Structure formats: structure tokens, C-alpha cells
Amino acid sequence: MKVSVIGMGYVGLVATCALANSGHEVIGIEKDVNKLTKLRQGKCPIFEQGLDELLQKLISENRIAFSSGIEAVNGSDIVMLAVGTPAMPNGRVDLSQVYGVVSELVKVLDTPTILVMKSTVPPGTGESICQRYLKNTKVPIAYISNPEFLREGQALKDWYYPDRIVIGGDDDSAIEQVKRLYGDIDAPILVMGITSAEMVKYASNAFLATKISFINEIANLCELVGADIDEVAPAVGMDSRIGKEFLRAGLGYGGSCFPKDTKGLDYVSVFKGYNFRLLKAVIEVNTNQRIRAVRKLERALDGLAGKHVAILGLAFKPGTDDIREAPSLDIIPLLLVEGATVTAYDPLATENARKVLPPDVKFADNPYDCIEGAQAVLLATEWPEFSQLDWLQARTRMKSPYVILDGRNALEKDELNRLGFQYYGIGR
Ligand SMILES: NC(=O)c1ccc[n+]([C@@H]2O[C@H](COP(=O)([O-])OP(=O)(O)OC[C@H]3O[C@@H](n4cnc5c(N)ncnc54)[C@H](O)[C@@H]3O)[C@@H](O)[C@H]2O)c1
Ligand SMILES: O=c1ccn([C@@H]2O[C@H](COP(=O)(O)OP(=O)(O)O[C@H]3O[C@H](CO)[C@@H](O)[C@H](O)[C@H]3O)[C@@H](O)[C@H]2O)c(=O)[nH]1
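Residues numbered from 1 in each chain as written. Chains lettered and ligands numbered in written order. Predicted model: local features only at pLDDT ≥ 70, side-chain atom pairs only at ≥ 80, totals over all residues. Heavy atoms only, no water.

Focus: a nonpolar patch on the surface
Argument step 1. A contiguous nonpolar surface patch, about 350 Å² in accessible area, is contributed by Leu221, Leu224 and Val225.
Argument step 2. Under the relative-accessibility criterion, valine 225 is labelled exposed at 62%. (Patch = residues over 30% accessible without salt bridge, like charges linked within 9 Å, V, L, I, M, F, W, Y side chains within 5 Å. Areas by Shrake-Rupley, 256 points an atom, 1.4 Å probe, with all protein chains shown as cover. Salt bridge = Lys/Arg side-chain N within 4 Å of Asp/Glu carboxyl O. Buried < 20%, exposed > 50% of the residue type's maximum accessible area, 1.4 Å probe, protein only.)

Points about the site of ligand 1
Argument step 1. Ligand 1 sits among 26 residues. The nearest are Glu30, Lys35, Thr85, Thr120 and Lys260.
Argument step 2. A distance of 2.9 Å separates an oxygen atom of ligand 1 from a polar atom in the backbone of tyrosine 10.
Argument step 3. One nitrogen or oxygen atom from the side chain of glutamate 152 is found 2.9 Å from a nitrogen atom belonging to ligand 1.
Argument step 4. Burial of ligand 1 by the surrounding chains reaches 88%, relative to a free accessible area of 840 Å².
Argument step 5. Elements that contribute at least two residues to the shell around ligand 1 include exactly helix H1 (10-21) and helix H4 (96-108).
Argument step 6. Looking at the shell around ligand 1 residue by residue, the classes come out as 10 nonpolar, eight polar and eight charged.
Argument step 7. Residue assignment places the shell around ligand 1 across two domains, with domain 1 (2-162) and domain 2 (257-424) each supplying three or more. (Near = heavy atom within 4 Å. Polar contact = N/O pair within 3.5 Å; in protein donor to acceptor, adjacent residues only side chain to side chain. Helix = DSSP H or I, 4+ residues; strand = E, 2+ residues; numbered from the N terminus. Nonpolar A, V, L, I, M, F, W, Y, C, P; charged D, E, K, R; others polar. Domains from an automatic or database assignment.)

So, the layout of surface pockets
Argument step 1. As a volume, the second largest pocket reaches approximately 380 Å³.
Argument step 2. For the lining of the second largest pocket, the secondary structure elements donating two or more residues are helix H5 (125-133) and helix H10 (258-271).
Argument step 3. Ranked by residues supplied to the lining of the second largest pocket, first place goes to H10 with four residues.
Argument step 4. Looking at the lining of the second largest pocket residue by residue, the classes come out as nine nonpolar, four polar and three charged. (1 Å grid on protein atoms, 1.4 Å probe; cavity = no way out; pocket = protein on both sides within 12 Å on 5 of 7 lines; lining within 4 Å. Points joined across faces, edges and corners; volume = space filled by probe spheres on them.)

Structural notes on the pairing of strand E10 (residues 341-345)
Where a strand is regular, its side chains alternate between the two sheet faces.
Argument step 1. Along E10, four of the five residues are buried, which leaves the element largely enclosed by surrounding structure.
Argument step 2. Following the backbone out of strand E9 (residues 308-312), through helix H12 (residues 327-337) and into the adjacent parallel E10, one traces a crossover that is right-handed.
Argument step 3. Bridge count between E10 and strand E11 (residues 362-363): two bridges; the pairing is parallel. Directly across from alanine 344, in E11, lies its bridge partner phenylalanine 363.
Argument step 4. Crossover handedness for the path E10 to helix H13 (residues 350-356) to E11: right-handed. (Right-handed = clockwise from strand over helix to strand, strands pointing away. Pairing = 2+ DSSP bridges.)

Topic: the confidence of the model for the protein
Argument step 1. Across the protein, pLDDT averages 97, with 100% of residues at or above 70.
Argument step 2. Across the assembled chains, the prediction reports ipTM 0.98 with pTM 0.97. (pLDDT = per-residue confidence, 0-100.)

Digging into the nonpolar core
Argument step 1. If you look at the biggest cluster of nonpolar residues, it comprises 60 residues, and the most contacted ones within it are Leu297, Ile311, Leu312, Leu335, Ile371 and Trp391.
Argument step 2. Aside from chain neighbours lying at most four places away, what touches leucine 297 is Leu304, Val309, Leu335, Ala376, Leu378, Val403 and Leu405.
Argument step 3. Among the nonpolar cores identified, the runner-up in size contains 43 residues, and Leu54, Phe66, Ile144 and Trp159 belong to it. (Core = buried A, V, L, I, M, F, W, Y, C linked by side-chain atoms within 4.5 Å. Contact = heavy atoms within 4.5 Å.)

With respect to the UniProt feature "binding site: NAD(+)" (unreviewed entry) in the protein
Argument step 1. Per the UniProt record, "binding site: NAD(+)" (unreviewed entry) is found at Lys35, Thr85, Thr120, Glu152, Lys260 and Arg324. The largest pairwise C-alpha distance within this set of annotated residues, which runs over 290 residues, is 23.9 Å, so the set is dispersed in three dimensions. Considering only the annotated residues already named, the ones lining the largest cavity are Thr120.
Argument step 2. As for its placement among the helices and strands, threonine 120 is situated in the loop between strand E5 (113-117) and H5.
Argument step 3. By relative accessible area, threonine 120 is classed as buried at 11%.
Argument step 4. Excluding anything up to four places from it in sequence, threonine 120 contacts Thr85, Lys201, Tyr202, Lys260 and Asp261.
Argument step 5. Structurally, arginine 324 can be placed in the loop between E9 and H12.
Argument step 6. Arginine 324 gets classed as partly exposed once you look at its relative accessible area, which sits at 41%. (UniProt positions renumbered as here; feature names shortened; annotations may be inferred.)

Section: unusual backbone geometry
Argument step 1. Omega for the bond connecting serine 400 with proline 401 falls within 30 degrees of zero, at 15 degrees, which places this linkage in the cis form.
Argument step 2. Looking at the secondary structure, you find proline 401 in the loop between helix H16 (391-397) and strand E13 (403-406).
Argument step 3. With a phi angle near 55 degrees, aspartate 302 is a residue other than glycine that sits in the positive phi range.
Argument step 4. Exposure remark for aspartate 302: the relative accessible area of 71% places this residue in the exposed category.
Argument step 5. Unlike most non-glycine residues, asparagine 409 shows phi in positive territory, near 50 degrees.
Argument step 6. Tracing the backbone through its elements, the reader meets asparagine 409 in the loop between E13 and helix H17 (413-418).

Re the site of ligand 2
Argument step 1. Taken together, 19 residues form the shell around ligand 2, and within it Phe149, Leu150, Lys201, Asn205 and Cys257 come nearest.
Argument step 2. With respect to ligand 2, the side chain of asparagine 205 contributes an N or O atom lying 2.8 Å from an oxygen atom.
Argument step 3. Arginine 248 places a polar main-chain atom, nitrogen or oxygen, 2.8 Å from an oxygen atom of ligand 2.
Argument step 4. Compared with its free state, where it exposes 700 Å², ligand 2 has 94% of that area covered by protein.
Argument step 5. If you list the elements that add at least two residues to the shell around ligand 2, you get helix H8 (194-225) and H10.
Argument step 6. Per-element tally for the shell around ligand 2: the top contributor is H8, with three residues.
Argument step 7. Grouping the amino acids of the shell around ligand 2 by side-chain chemistry returns nine nonpolar, two polar and eight charged.

And the structure:
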């Protein structure tokens, strides 16, 4: 099939490469000139496992093309939207990129097509697009909601092996075409109404965020009653009705999706006059988890003023250079406000973090230099290299009182205590 994908971010670029690799004729459209230049040279503007190699292969085989002009969509069977839907300060989803593209599309399209919404948009958006933009167009444009569930760091794997494919629409022929798009993927396909499909995406992310906030609250309580979350969480998760995934306690969730999608769903609820108490609590617990970590460091160091803290990990999770809503970005400014100095290290995300963190944060090229002279280390992202550090050597680079706050419960607690560290975890 002929497919155009608009927006070459994490989702759009993965979709473009994966669909081209599946044999579709795909053109990726991106307005950011720097990104476009890199893409045309076969250079991936983001870090995503396996994507660089796949992009280079597709470029060398002439099986993929990129353009900045939206007119390139003409002739496509499917036009897929994967532009950003960030949160506004009040939590409302900013749909300006989506509406901007849709209003351009209806002007330039002169061949019938199917508009497939991959971006995460609040329930009701698709119906509103159909009403406001897709009636009385020059050529017929069908609308399908097709939310994406991939995770950064394993996006290609998630694309080819999804748990389900959700197709929301009311045009049978368009639904069949979109099914054909995923013809080589072995997954259940669920067809439903547009608004239900939009709600599936928000409900899924809100539920996963709820699991994380729930286990963080249990971990906090473990500390007070003397239980160990490492023993509790796996045993709870073995109940198949609960499931073992997303029960890792820590500094709370970050990333480009959970924070904005939970706030976005809460905004929709308020707007509709519904008080989604549980969701509000999930968001509040997540914020507090960052603050609790700062308070733990403050107690362990007997005050933060004049203390030096090393931050290991800046990305919102391992396997990505994405720092959007990363716990590190909340915690570092709090430490600075309390008078601490900070040096940080991340194997992939330093350049992205440097652009947004205050200028007094120092960055190290390796974990040992990061730890140099620190009274405390905060492990904020569980990159495997941190659990493999020579912690004995690391200790010689630190200063008393040798505090480690393991914000992801990724390190060997007993071993670190034996080496003379003051170890703190989350619920351990
Ligand atoms: N990142 C994820 O893991 C993930 C997973 C599932 C769903 N989503 C959703 O998918 C959507 C995209 O997320 P992302 O992380 O890929 O976003 P992103 O911000 O990384 O990328 C969006 C891209 O769209 C481009 N763009 C914006 N307006 C454009 C226009 N008019 N023409 C051409 N290009 C334009 C931007 O320059 C940018 O490169 C969001 O709604 C997000 O919630 C994201
Ligand atoms: O037990 C857990 C699991 C995750 N996290 C944190 O939760 C955040 C999100 O992790 P993850 O879900 O792996 O990453 P994302 O790439 O943000 O993917 C989520 O958000 C995407 C965008 O909507 C969805 O498509 C995916 O299905 C959904 O998992 C990260 O900060 C993790 O550290 C925890 O704290 N504990």
C-alpha cells in the first residue's frame, strides 16, 4: 500500500521504517529541517534499538523517502498522523500540531484517502475532527483512530509483536484497508468506535501508571512496617489476576506518555464534570515519590546545603536518550534549591539533559568521574552498567558518609552495606 506518515518522532519514524520494511511504499514527512537532513542521510535523529540499522538498510535499498512538503501525501492510500500531543501547563492536551496538520491536509489532498490517527488524542477528538474538517472535502477522506502502544527502547519489537491492534472507525472499507496495513503482524485486531479506541489508549496508560503508583505506596509503607518490597511485589504479581509487570517501585514514572496522558485524562474528566479521584491520587503519588527521594537524601546527609550529590542516570528509563518528564529533571532542581551541588552522568541522555537542566549542573563522561567527591549517589535510571560498577573503587572516589539512594532498587543492598556504604532503596 502507499502510505504517508506525518511527524518523524519516536512513533512516526518507527512506523515509517517498520511499514517500509513490511513492503509498503512509505514516505515520511517532517517539518524540522535538521531532522529531515539527518534522515535523508540515513542518520537516526533519536536513539532507538535497531532503528539506525533498519533506516540505513531501507535508504540504501531505496525503499523509503522523506519530505518536508505536506503535498507529498497525494496518491497515498493511507495518511498516518504521528505528530506530538504535549501537555499544556494545566494538563490539557495541546492539539495544535494535530489540528494544524488536519487543516493543511484538507486543503492539499486531491486524491481520496484514509486519515489514520496514531497520535494519542483525548476521547472525542476524532469525532470532532470528522465534524469540523472532514465533511464537504474536495475528495473523500475517511477517519480511523489507531492508537499506538509501543514502548521506547523496544519500539520495533513492540511494533512487530503488539498485544493487540486497535482500529476505531465506522467506514467498513477504511477499516479493511487499515487491517491490510498490518497484514504481516500476528496480533488480535479489535474494531470499535472512534471514541472507544481513543479511550483504550488513555485507559491503558492510566492503568499502568496506577499500578506503578500503587506499588510505590506499598513500598513506602513497607519502609514503615519493616517489610521488603523485593519480597512483596513479586509475590503479589504472581496472582495472575494482578500480573507481575509494572510492579517495580522507584522514583515514579516518567517519559513522554504516562505523565501527560494521566494529566490529559484527568483534564477530560474535569471538563466533563467527573471527579476521577483515583487518577488524581496516582498523579499526586508520582510527584511525591520524587520529593520523598530528596527528603531521604536530606536526612541521610544531615542537610543538603553544601553537600555534593552524584546523579547516575538522566533518561526516564534505560535504553533511551529521551529525558521527557524524567525523575532526574524533577529531583536535580530540588537538590540545587536546597543548596547541594550536582554532577550527573548518563550513557545516552547527557546531551538532551544539558539543554534543559540549570547551568550549574556538571556532567561527567563516566560514572566514576561523576561520583568523584560526592557524599551521596542517587541512582535515577537503572542502566545495567550501574549495577556492574566496581563499587569498591567507586567508594574510594566518594566522601563520607558514602550514601547511596538506589531510586530504582537495582543495586545489591547487602553487598553495598558490606562495602561500607549507607544504602537506601525504595521500600527495601
Ligand atoms: N513516544 C512514545 O513512546 C509514544 C508511544 C505511543 C504513542 N505516542 C503518541 O504518539 C504521538 C507522537 O509522539 P512522539 O513521541 O513520536 O512525538 P515527537 O514529539 O517525538 O515527534 C513528533 C514529530 O512531529 C513533527 N511535526 C509536528 N508538526 C508537524 C507538521 N505539521 N508536519 C510534519 N511534521 C510535524 C515534529 O517536528 C516531531 O518531529 C504523541 O501523540 C504521543 O502521545 C508516543
Ligand atoms: O514497574 C515499573 C514500570 C515502569 N516504570 C516507569 O514508568 C515509566 C514508563 O515506562 P515504560 O512504560 O516502559 O515506557 P514508555 O516508553 O513511556 O511506554 C509507555 O507509554 C507509551 C506511550 O503512550 C505506551 O505506548 C506504552 O505502552 C507504555 O508502556 C518509566 O519512567 C519507568 O521507569 C516504573 O517506575 N515501574
